[in-house]
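Results of the structural survey
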Amino acid sequence: MPAVAAVRIPDALPSEQACLLGCAVATGVMSVLETARVWEGARVAVIGCGAVGLSAIQGARIAGASEIRALDTDAGKREQATRFGATHTEPGPVDFVFDVVSRSSTFEQALGMIASGGTIVVVGLAPAGETATVDL
């Protein structure tokens, strides 16, 4: 049986902050590093700049992405994303898009941004019945 690694959480860290490490941070960072395996120099976009999206931006920084586009309808979240490492706050052609919002409009936006051979990773959970239209 494989050994289980434990992460010691300081007693002074409130549980509502500690849980972010096991949820938002792990989900965002690992979607970039493990699910998509973003390579050094890749161009990345993150749609949705809440806790998971900001963590995906950090993952893109760790991976060595040359360009990180942070997209959100909230100007304050876009500004925060630049402090986390985003290099742009507008759409543009990229190699990877991480759709953390998972709505038809954001998925369709992601389709419009991927370059030839690009990858879209749907990170967020779409509501039941949500559909996207793909023009082949």
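Check the entry above for the structure.
Below is a summary of the structure that appears in this document. Predicted model only: the values in this text are computed from it and were never measured.

Calculation criteria
Residues numbered from 1 in each chain as written. Predicted model: local features only at pLDDT ≥ 70, side-chain atom pairs only at ≥ 80, totals over all residues. Heavy atoms only, no water. Helix = DSSP H or I, 4+ residues; strand = E, 2+ residues; numbered from the N terminus. Buried < 20%, exposed > 50% of the residue type's maximum accessible area, 1.4 Å probe, protein only. Contact = heavy atoms within 4.5 Å. Phe/Tyr/Trp six-rings, centres within 6.5 Å; stacked < 30°, edge-to-face > 60°.

The next point concerns the overall build of the protein chain. Check the secondary structure of the protein chain and you find 4 helices and 4 strands. For the protein chain, the N- to C-terminal ordering of α and β elements is α-β-α-β-α-β-α-β. In terms of principal-axis extent, the alpha carbons of the protein chain reach across some 50 × 40 × 35 Å. A burial count over the protein chain gives 35% of its 136 residues as buried. If you take every contact in the protein chain between residues at least 6 apart in sequence, the share linking residues at least 24 apart comes to 59%.

Before going further, it helps to spend a moment on the packing of aromatic side chains. Evaluation of the coordinates by the stated rule reveals 2 aromatic pairs. On the basis of an interplanar angle of 65° and a centroid distance of 4.8 Å, the ring pair of tryptophan 39 and phenylalanine 96 is categorised as edge-to-face. Of this pair, tryptophan 39 sits in the loop between helix H1 (15–35) and strand E1 (43–47) while phenylalanine 96 sits in strand E3 (residues 94–99), and the two are 57 residues apart along the sequence. Look at tryptophan 39 and you get partly exposed, because its relative accessible area is 46%. Looking at phenylalanine 96, the relative accessible area reads 2%, which means it is buried. When the centroid spacing of 6.5 Å and the interplanar angle of 20° are considered together, the rings of phenylalanine 96 and phenylalanine 98 count as stacked. A network of ring pairs unites the aromatic residues Trp39, Phe96 and Phe98 as a single cluster.

Bringing unusual backbone geometry into the picture now. A negative phi angle characterises most non-glycine residues, just as the trans form characterises most peptide bonds. Despite not being glycine, arginine 37 has its phi angle at roughly 55°, a positive value. Considering the arrangement of structural elements, one finds arginine 37 in the loop between H1 and E1. Here the phi dihedral of serine 102 falls at roughly 60°; this positive angle occurs in a residue that is not glycine. Looking at the secondary structure, you find serine 102 in the loop between E3 and helix H4 (104–113). On the accessibility criterion, serine 102 (4% relative accessible area) is buried.

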